[in-house]
Amino acid sequence: MKGIVMKLRTPKGYLATIGLAVSLILISVATTDVANAEAITKPESDIAVINIPHPKEGNLLMLRGIAGKGTASFRINSACRTMPVRFVAGDFTGEHIDVGRTGSIRIVITNPNVMRELLAGRDLISDMVRVSSDATDQGADLFLAKGLSADTGFVINPGRNLLADMFGSRKTDVDCASLSTNLP
């Protein structure tokens, strides 16, 4: 019987195989890094915008104010929703109320907790949050983009009517692209 003779290969014979293995490892690491980089991109920030397109001005005894119905648009965790709202604003002097001058009202909510409270069906009362007329005010919970001054007190009720107060307001999931004109 003939003996089995093995020929030992030198490291030079394995260089091509080692080079191919290292190349495959580098390619897989590079594609993993790209996938991770895409997953880490920052989502759009949470925001809500309340639009009251046609508020009405009025008086009730010593109060002077405005009231109207509108829509709240929300983007929270990259999901978008809309909800009908009722709006009332006013004071005893009426100095800050003039619908003829202001037209529509636009309120931008930047605090996620305030957004979630409104979505949960709780009233938004201006005395309970920090209101500003300056969009760059980082400490404000919301800012008044159009139609009101920061001195005017207001209440926003989720829903359109008394039934919404009893059973909850109707929220509608929408495509965020459809809200691109409402949400900054």
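Everything below is about the structure printed above this text.
Residues numbered from 1 in each chain as written. Predicted model: local features only at pLDDT ≥ 70, side-chain atom pairs only at ≥ 80, totals over all residues. Heavy atoms only, no water.

### Some points on the overall build of the protein
What counts is decided by this rule: Each helix corresponds to a stretch of at least 4 residues labelled H or I by DSSP, and each strand to a stretch of at least 2 residues labelled E; elements are numbered beginning at the N terminus. Only protein chains enter the area calculation, which uses a 1.4 Å probe; residues under 20% of their type maximum are buried, those over 50% are exposed, and those in between are partly exposed. Here a residue-residue contact requires only that any non-hydrogen atoms of the pair lie within 4.5 Å.
Summing up its helical and strand segments, the protein has four helices and ten strands in all. Taken from the N to the C terminus, the helices and strands of the protein come in the order α-β-β-β-β-α-β-α-β-β-β-β-α-β. Relative to its 184 residues, the protein shows a buried fraction of 33%. Counting only contacts in the protein whose residues sit at least 6 apart along the sequence, the fraction spanning at least 24 positions is 69%.

### Here's the deal with the pattern of salt bridges
Note the threshold: Between Lys or Arg on one side and Asp or Glu on the other, a salt bridge is scored when a side-chain nitrogen of the former is within 4 Å of a carboxyl oxygen of the latter.
One pass over the structure, following the stated rule, counts three salt bridges. The salt bridge partner of R122 is E117, with a shortest N-O separation of 3.5 Å. Under the relative-accessibility criterion, R122 is labelled partly exposed at 45%. A residue is classified by how much of its surface remains accessible, and E117, at 38% relative accessible area, is partly exposed. Here R130 ties to D137 by a salt bridge, and the two come within 2.9 Å at their closest N and O atoms. Here R130 falls in the partly exposed class, since its relative accessible area comes to 43%.

### So, the environment of A145
As for its placement among the helices and strands, A145 is situated in strand β8 (residues 142–146). Here the alpha-carbon distance between A145 and D134, two residues eleven residues apart in the chain, equals 8.0 Å. Apart from residues no more than four positions distant in its own chain, A145 is found in contact with R106 and V108.

### Regarding the pairing of strand β5 (residues 105–109)
Threshold: One bridge is not enough; two strands pair if DSSP finds at least two bridges between them.
Counting buried positions along β5 gives four out of five residues, so the element sits mostly inside the fold. With five bridges connecting them, strand β1 (residues 47–52) and β5 associate as antiparallel partners. Bridge pairing links I50 to I107 in β5. The sheet contact formed by β5 and β8 spans four bridges and is antiparallel. Bridged to V108 within β8 is F143.

### Let's talk about the state of the cysteines
Test applied: Disulfides are defined as cysteine sulfur pairs within 2.5 Å.
With the rule as written, the count across this model stands at one disulfide. Put simply, C80 and C176 are joined by a disulfide, and their sulfur atoms are 1.9 Å apart. Its torsion about the S-S bond being 105°, the disulfide of C80 and C176 is classed as right-handed. One end of the pair, C80, is in strand β4 (residues 79–91); the other, C176, is in the segment after β10 (172–174), and 96 residues separate them in sequence.

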